[in-house]
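Architecture at a glance
Here are the chains, one letter per residue:
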Amino acid sequence: MTSSIGVIGAGAWGTALAQALASDGSEVVLWAREPELVAEINAKHTNSLFLPSAKLADSVRATGDIAELGGLPALLAVVPAQFLGSVLAGLPDGERDLVLCAKGIEAGTSRLMADVARDASPAANLAVLSGPTFAHEVAAGLPTAVTLACAGGEAQWQRLSPLIARPAFRPYYSDDLIGAEIGGAVKNVLAIACGVVEGLQLGQNARAALIARGYAEMLRFGLARGARAETLSGLCGLGDLVLTCSSTSSRNFSLGKALGEGQSAAEALAGKTSVAEGAATAPVLAELARAANIDMPIVEAVARLLAGAAPARAVVSELLARPLKAELEHKA
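Rules behind the numbers
- Residues numbered from 1 in each chain as written.
- Predicted model: local features only at pLDDT ≥ 70, side-chain atom pairs only at ≥ 80, totals over all residues.
- Heavy atoms only, no water.
- Helix = DSSP H or I, 4+ residues; strand = E, 2+ residues; numbered from the N terminus.
- Buried < 20%, exposed > 50% of the residue type's maximum accessible area, 1.4 Å probe, protein only.
- Contact = heavy atoms within 4.5 Å.
- Lys, Arg positive; Asp, Glu negative; His and termini not counted.
- Charge placed at Lys NZ, Arg CZ, Asp CG, Glu CD.
- Axes fitted to C-alpha atoms, helices over the stretch in contact; angles between N-to-C directions.
- Left-handed = near helix turned anticlockwise from the far one by under 90°.
- Nonpolar A, V, L, I, M, F, W, Y, C, P; charged D, E, K, R; others polar.

Across its full length, the protein carries 15 helices and eight strands. Dimensions of the protein, computed from the C-alpha atoms along their principal axes, are close to 60 × 40 × 35 Å. Here the protein holds 332 residues, and the buried ones make up 55% of them. Pairs at least 24 residues apart make up 69% of the contacts formed inside the protein by residues separated by at least 6 positions. Each charge class in the protein was averaged separately, 26 positive and 32 negative side chains, and the resulting centres sit 5 Å apart.

Non-glycine residue histidine 45 carries a positive phi angle of around 60°. Within the element layout of this structure, histidine 45 appears in the loop between helix 2 (35–44) and strand 3 (60–63). Residue glutamine 201 is not a glycine yet carries a positive backbone phi of 55°. For glutamine 201, a relative accessible area of 72% gives the class exposed.

This part takes up the packing of helix 8 (residues 204–224) against helix 10 (residues 235–244). Two numbers describe how helix 8 lies on helix 10: the axes approach to 11 Å, and their chain directions differ by 145°. The interaxial crossing formed by helix 8 with helix 10 has right-handed handedness. For the pair formed by helix 8 and helix 10, the contact residues are Ile211, Tyr215 and Met218 on the first element and Gly237, Leu238, Leu241 and Val242 on the second. Its residues placed into classes, the contact of helix 8 with helix 10 shows six nonpolar, one polar and no charged.

Right, dumping it as structure tokens:
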């Protein structure tokens, strides 16, 4: 078999995507940084470090040499947002479809992942894959729907969708990369806030209210940055927000729950093999919102919590004490 697709990054999400793509017997090349993980995947078809619940198809082949992926026509980049630029810098540039699967904003530069990828791989045709997905469910073949936003429009969609779609993994077309990226980045921060509500045992009413008001913040920020409202109301915005704000399977929700239970951010993040993207995104997103005069009080509260500026219960009390206002207000 000759592979036509590769996955950059063998964390939980990258491994799950590789398994989903290989579910019909297609060969998938999976790049992993850790030599011992490359050996394990190839010998045992398992990933005990990041996704121990999954048994990988024989057609998933791991490599530690990212240059091996350079000749493939389509690649999924599934490394954490803060490392995307450095990892892509090791990939030979070329005209290929490069699908970005990390959800975040780069600290230090405030760039979305498409901007990072354009600088690192200028010849690539970019797309964004985002939506409500837990890695262990995708790897298990449970039904999943995602947004596949293509900068190259329908022509790129026609190339990519047959490579990515599987009976249990259904992509929906969009050409709104900004909306797909902002939905994924902002929902991670809001999931931390919902975890705080869980940790403080504030109840389901509070969580539902936070999801709704958080979505209003996502919409305000997205519209100000050029996203379309219908994108943010779809799978990669509201859909992803609902999923990650409702379960400890979400790394960001789990981080927030630990903060609500009284742990510091350093304590909650210590010893984790997986990355809670919202922890790095929150302060950058809050800064961008302040600079653009976009009202995002929940995002601001999460940034303060992560910085240790105040205990969780005090931050929630401040949110509840904000002036009363109209609900439908989406102006930047």
